[in-house]
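If you want the building blocks of each chain, they are given just below.
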Amino acid sequence: MDKFVVHGGVPLKGEVRLSGAKNVALKTIVASLLTDDEITIDNVPDIIDVRLMLELLGTLGVKSHFSGNHVRLIRNSLRNYEVPLEVGARLRTTTLVLGPLLSRFGSALVPNPGGCRIGARPIDRHIDALRQMGARITYNSRDGFFHGQADSLHGTVIRFPKNTHTGTESIILAAVLAKGQTVIENAAAEVEVDDLIEFLNGMGARIVRTKPREIKIDGVTRLHGTSYRLMSDRNEEVTLAVAAALTGGTVTVTGSVHRTLMAFLNPFRDAGGRYSAGGDTATYSVSRNLRPQDIITAPHPGFMTDWQGPWAVLMTRAAGLSTIHEAVFESRFSYVPELQKMGADVSFFQPEVRDPEKFYNFNMRDHDGMSPQAVRIKGPTRLHDAVLMMHDLRAGATLLLAALTAPGKSYVHGIEHIDRGYENIEKKLQALGGRIIRVPEEAI
Ligand code: EPZ
């Protein structure tokens, strides 16, 4: 395994182009199961999760060619409905193939998904909804597979009990070829879902977001090929904005999706961050001493759970007490002990919540009942260098930001997590003047 060696404390300055959105790329690749025609996708990030998804689709008969952020996909006549455990168990989004396999071929065998270890991450909402569409799905704990059968999927009204981003996409992917109309109520409103909808409509699907949280899908009998360019990665933009403010630098991103980032930009500006945006460009810096903020994560259009780790590092520099209350996942603070090692004054607490089942996006039965859902950060603190371990993708970005701001030399391990979702992260940071190198384990 490689690791990063980071000499922190250098202001990042310059311009960088954002990569395509991981959380759209993975789903558009899955959509290649829905047609026999060729699909081409541009702006695809070259990251481990995309490579894994292409490998997974390869086991289902989809041939792919991936070079220069351009993917060409074509399904051959092979009829295979089983995702091998070895590939499928490594990706959270594996179960997205259930709907397409069931709607096109009536059978699916899919292993329990893997992906980032952030909480229990069950997929009960996806499975319940697929069952409402006529699928028979059982989970066999002896082999660790979901076994799915469907004579045909039919449209129906599905009301998600709580927000689910990939659950919404899972049902869209199942419904595009189902008989009749599917209505998804309490559908996820993330802009990545809308990018997937635009892509599928380009294949001949009939999908409309009728209300902010309602999506209607009229099933069609056939989808055709398409060419599509993915939106930029919002999480990468937020990471770079925080990197600029933290290091006292100025970073311009091109391919910016700042219009979809108001839930981040408002507290960023209130905290003393500065941004100017126009067209597809945005420039981030810091205008004065940082001020503390209180954040509660929420599904779109709220402050995204993916941003709270980087935000925590920013708040270590704010003068006063900040809080972050994580309301989407029940375990997303793996970075906290690492920040404490660097001298951050971060402590856990449990805010009073009147109706936790209603307030939190996770199922309360999946919560261990003890782990607090919030942190207090007392600043300002100048973090110092340390040996750090990443435990998941966004926690990985968090620690990288912490290392970039800490004078001295930090060693960051577990970087396979960041390689899952950030394309060429160290090259981009180097281009901005960041002193970061990737070193093979044995070379240190
Ligand atoms: C997606 O995760 C993203 N992943 C996440 O990004 C992102 O943090 C999250 O949405 C919120 O926007 C992808 O798109 C691949 P959810 P997802 O279903 O779909 C619980 C990243 O780093 N839940 O909205 O898994 C669940 O456990 C990743 O790029 C159930 O209990 O999120 C969580 O607590 C990480 N049962 C909450 O709901 C279900 O059936 C929200 O999950 C589904 C979800």
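Everything quoted here is computed from the prediction, not taken from an experiment.

This brings us to the pattern of salt bridges. Applying the stated criterion to the full structure yields 23 salt bridges. With a closest N to O distance of 3.6 Å, Glu86 and Arg90 form a salt bridge. In this structure, Asp306 engages Arg394 in a salt bridge whose closest nitrogen and oxygen atoms are separated by 3.5 Å. Here Arg394 lies in helix α13 (residues 393-405) and Asp306 lies in the loop between β17 (294-296) and α10 (308-315), a separation of 88 residues in the sequence. Salt bridges sharing partners connect three or more residues here, namely Asp2, Asp419, Glu426 and Arg438.

Let us look at the layout of surface pockets. The method is simple in principle: a probe with the dimensions of a water molecule rolls over the atoms, and the space it marks as empty is what remains. In this structure, the largest pocket occupies an estimated 210 Å³ of space. If you trace the largest pocket, you find 17 residues lining it, with Ser103, Arg104, Leu177, Thr221 and Arg222 closest to the centre. A per-class count over the lining of the largest pocket returns 7 nonpolar, 4 polar and 6 charged.

Adjacent strands of a sheet pair through backbone hydrogen bonds, lying either parallel or antiparallel. Spatially, β21-β22-β1-β23 is the arrangement adopted by the 4 strands of the open sheet, whose pairing is mixed. Edge positions in the open sheet fall to β21 (387-389) and β23 (435-440), since each of these has one partner strand only. Averaged over all pairs of adjacent strands, the angle between their axes in this sheet comes to 25°, without regard to strand direction. Examined bridge by bridge, β21 and strand β22 (residues 408-413) share 3 bridges and lie parallel to one another. Pairing of Met389 across the sheet is with His413, part of β22. Taken strand by strand, α13 contacts β1 (2-8), β21, β22 and β23, and its axis lies near 35° from that of β1.

Let's shift gears to helix α2 (residues 48-59). For α2, built from 12 residues, the straight-helix expectation of 16 Å at 1.5 Å per residue is met to within 8% by its first-to-last C-alpha distance of 17 Å. Among the residues trailing α2, Gly61 stands out with phi positive, at a value near 95°.

The subject of this paragraph is the site of the ligand. Close to the ligand lie 27 residues, the nearest being Asp124, Arg125, Thr164, Thr166 and Val328. Within the backbone of Pro122, a nitrogen or oxygen atom sits 3.1 Å from a nitrogen atom of the ligand. Residue Thr166 places a side-chain N or O atom 2.5 Å away from an oxygen atom belonging to the ligand. At the level of elements, α1 (22-30), α5 (124-132), α6 (165-175) and α13 are the ones that each hand at least two residues to the shell around the ligand. For the shell around the ligand, the per-class residue count stands at 8 nonpolar, 9 polar and 10 charged.

Contact geometry for helix α8 (residues 234-247) and α13: axes closest at 9 Å, N-to-C directions at 20°. Classified by the angle between their axes, α8 and α13 sit roughly parallel to one another. Here α8 runs over α13; the crossing is right-handed. Residue-level contacts link Asn235, Thr239, Val242, Ala243, Leu246 and Thr247 of α8 to Arg394, Ala397, Leu401, Leu404 and Thr405 of α13. Among the residues making up the contact of α8 with α13, the classes are represented as 6 nonpolar, 4 polar and 1 charged.

Criteria and thresholds
Residues numbered from 1 in each chain as written. Predicted model: local features only at pLDDT ≥ 70, side-chain atom pairs only at ≥ 80, totals over all residues. Heavy atoms only, no water. Salt bridge = Lys/Arg side-chain N within 4 Å of Asp/Glu carboxyl O. Helix = DSSP H or I, 4+ residues; strand = E, 2+ residues; numbered from the N terminus. 1 Å grid on protein atoms, 1.4 Å probe; cavity = no way out; pocket = protein on both sides within 12 Å on 5 of 7 lines; lining within 4 Å. Points joined across faces, edges and corners; volume = space filled by probe spheres on them. Nonpolar A, V, L, I, M, F, W, Y, C, P; charged D, E, K, R; others polar. Pairing = 2+ DSSP bridges. Axes fitted to C-alpha atoms, helices over the stretch in contact; angles between N-to-C directions. Contact = heavy atoms within 4.5 Å. Expected span 1.5 Å × (residues − 1). Near = heavy atom within 4 Å. Polar contact = N/O pair within 3.5 Å; in protein donor to acceptor, adjacent residues only side chain to side chain. Parallel < 35°, antiparallel > 145°, perpendicular 65-115°, else oblique. Left-handed = near helix turned anticlockwise from the far one by under 90°.

Honestly, it's all geometry; don't read function into it.
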